[in-house]
Number of protein chains: 2
Amino acid sequence: MLSKKTKYALHALTYLGKHREEKTVLIHDIAEEHGISHKFLENILLELKKAGMLGSKKGKGGGYYLIKEPKDIPLSKVIRLLDGPIAMLPCVSLNYYEPCDECKDEATCGINKVMIQVRDETLKILENKTLADILKT
Amino acid sequence: MLSKKTKYALHALTYLGKHREEKTVLIHDIAEEHGISHKFLENILLELKKAGMLGSKKGKGGGYYLIKEPKDIPLSKVIRLLDGPIAMLPCVSLNYYEPCDECKDEATCGINKVMIQVRDETLKILENKTLADILKT
DNA sequence: ATAAAGCCTACATATTTTATAGGGTTTATG
DNA sequence: CATAAACCCTATAAAATATGTAGGCTTTAT
């Protein structure tokens, strides 16, 4: 399951996407809208910013804003940033690969094979669906 | 990511599947084969047994054994039993549904829509792949 | 100068996962 | 029938992770 961090990030991005005509949006407003702790959300937005997914303006009258087109923000990127691997097993993760310690031989592991399939189907969706798709509805 | 519990369960079932000619298999042997704590695995096997996925024989000379054909044990069932929901969000889980508390309206939530797709593609694989498929390789 | 707002780091709390402990019960066997 | 092997059951402990808080720093409009 996605962590709250990731869910909050997705909601925050959605909110920013919906308020693109405004120059900046306050953390406060997003937090209030979704009933999220201000400080917790602050950390999340900061992380998104550091990852180059959004921009900010400091000081009075400041706030956050999208620096990319929503269609250029794939959901996979947001999830990986905040939750880490998308795959169901470390041994099939593309971005966070690690061998499974209880597995003797990856090459002959049937679980590995199935989880590669799951990963591929999942990524087929999450790499192609973007913030723009979420904004549509 | 799958929990260790689930991974251990899958490995244990695989082990049992590979030793079907023997009447029973000891917890000890499975634990040793995969470097799992005996007692931890004991709890897992017990849970699998209670769920009707395997049988056991008590006392000296006892042990565990499969009571179903491997082809009749879908991976989704094992995962759900030990890990709970397969879906990425509670609000799209078929077996463990709960509303997301940060979401105002499920019907118009774009995240929800995407995650339903992910769930469906994932289940398409995990409901159809069974222990038999894992045993093949 | 002041107040508003994001930046940053560290800490605190809660929850979940993983593992252990220890006795109970059943059963084959000599 | 005594014994040892093996699963059964419940409770608790330890570790890891996720969630949330605190508090001061820096930047900026007015």
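Just above, that's the structure.
Residues numbered from 1 in each chain as written. Chains lettered and ligands numbered in written order. Predicted model: local features only at pLDDT ≥ 70, side-chain atom pairs only at ≥ 80, totals over all residues. Heavy atoms only, no water.

Enquirer: Which parts of the structure should I look at to understand helix α2 (residues 27-34) of chain A?
Expert: In an α-helix, one turn spans 3.6 residues, which is why side chains three or four residues apart end up on the same side. All names here are of chain A. Looking only at α2, the buried set comprises I27, I30, A31 and H34. Relative to the axis of α2, the buried residues are bounded by an arc of 100° and lie together on one face. Of the surrounding elements, those touching the buried residues of α2 are α1 (4-18), α3 (38-50) and β2 (63-66). G35, located one to two residues past α2, shows a positive phi value of around 65°. (Buried < 20%, exposed > 50% of the residue type's maximum accessible area, 1.4 Å probe, protein only. Helix = DSSP H or I, 4+ residues; strand = E, 2+ residues; numbered from the N terminus. Arc of directions from axis to C-beta. Contact = heavy atoms within 4.5 Å.)

Enquirer: What is the right way to read the interface of chain A and chain B from this model?
Expert: Interfaces are often described in size by the accessible area the parts lose on coming together. Taken together, the 37 residues of chain A in the interface contact 37 residues of chain B. Three residues stand out in chain A for area buried against chain B, namely M1, M88 and E102 of chain A, and they jointly supply 20% of the buried area on that side. Across the chain A-chain B interface, the total number found is six salt bridges. The shortest N-O distance in the salt bridge between K7 of chain B and E102 of chain A comes to 3.2 Å. Here chain A and chain B share six residue pairs in polar contact (both at pLDDT 80 or more) between them. For the side of chain A that touches chain B, the elements supplying multiple residues, two or more each, are α1, α2, α4 (75-83) and α5 (110-126) of chain A. No other element matches α5 of chain A, which puts 10 residues into the side of chain A that touches chain B. Looking at the side of chain A that touches chain B, its residues break down into 22 nonpolar, seven polar and eight charged. (Buried area = accessible area lost by both parts, 1.4 Å probe. Salt bridge = Lys/Arg side-chain N within 4 Å of Asp/Glu carboxyl O. Polar contact = N/O pair within 3.5 Å; in protein donor to acceptor, adjacent residues only side chain to side chain. Nonpolar A, V, L, I, M, F, W, Y, C, P; charged D, E, K, R; others polar.)

Enquirer: Help me understand the environment of L45 of chain B in this model?
Expert: Residues and elements named next belong to chain B. Turning to its location among the elements, L45 is positioned in helix α3 (residues 38-50). Taking C-alpha positions, L45 is 9.3 Å from Y8, a pair spaced 37 residues apart along the chain. Those residues within four positions of L45 in sequence are excluded, and the remaining contacts are A12, I27, I30, L54 and Y64.

Enquirer: Please clarify how the protein's contact with DNA strand D should be interpreted in this entry.
Expert: Neighbouring residues of DNA strand D: 30 residues in total, closest K39 of chain A together with E42, K49, S56 and Y64 of chain B. Close to the protein, within 4 Å, the atoms of DNA strand D are drawn from sugar and phosphate at a rate of 64%. In this structure, a phosphate oxygen belonging to DNA strand D sits 2.7 Å away from a side-chain N or O atom of K49 of chain B. Breaking the surface near DNA strand D down by element, the ones donating at least two residues are α1 and α3 of chain A together with α3, β1 (54-57) and β2 (63-66) of chain B. Looking at the surface near DNA strand D element by element, the count peaks at six residues for α3 of chain B. For the surface near DNA strand D, the class distribution of residues is seven nonpolar, 10 polar and 13 charged. (Near = heavy atom within 4 Å.)

Enquirer: Is there a simple way to explain the packing of aromatic side chains in this structure?
Expert: Remark: the centre distance and the inter-plane angle together describe each pair of aromatic rings, the angle taken between the planes. Residue and element names in this part refer to chain B. Applying the stated criterion across every chain yields a total of two aromatic pairs over all chains. Considering the side-chain rings of Y8 and F40, the 5.8 Å spacing of their centres and the 85° angle between planes classify their relative orientation as edge-to-face. Note that Y8 is positioned in helix α1 (residues 4-18) and F40 in helix α3, a separation of 32 residues in sequence. (Phe/Tyr/Trp six-rings, centres within 6.5 Å; stacked < 30°, edge-to-face > 60°.)

Enquirer: Help me understand the relation of the copies chain A and chain B, please; the structure alone is not making it clear to me.
Expert: In this structure, two copies of a chain are linked by a rotation about an axis accompanied by a shift along it. It takes a turn of 180° to lay chain A on chain B, together with a shift of 0.0 Å along the axis; the resulting RMSD is 0.0 Å. Both copies of the chain, as the preceding transformation shows, are related through a two-fold rotation axis. Most of the interface of chain A is mirrored in chain B, where 100% of its interface residues are also at the interface. (Least-squares fit on C-alpha atoms with pLDDT ≥ 70 in both.)

Enquirer: Would you take a moment to explain the packing of α1 of chain A against α4 of chain A for this structure?
Expert: Pairs of packed helices are described in terms of their axes, by the angle between the two and the distance that separates them. Residues and elements named next belong to chain A. Running from amino to carboxyl end, α1 crosses α4 at an angle of 140°, the nearest separation of the two axes being 9 Å. Relative to α4, the element α1 lies oblique. Note on packing geometry: the crossing formed by α1 with α4 is right-handed. Touching K5, T6, A9, L10 and L13 of α1 are L75, V78, I79, L82 and D83, all from α4. Here the residues of the contact of α1 with α4 are counted per class, giving seven nonpolar, one polar and two charged. (Axes fitted to C-alpha atoms, helices over the stretch in contact; angles between N-to-C directions. Parallel < 35°, antiparallel > 145°, perpendicular 65-115°, else oblique. Left-handed = near helix turned anticlockwise from the far one by under 90°.)

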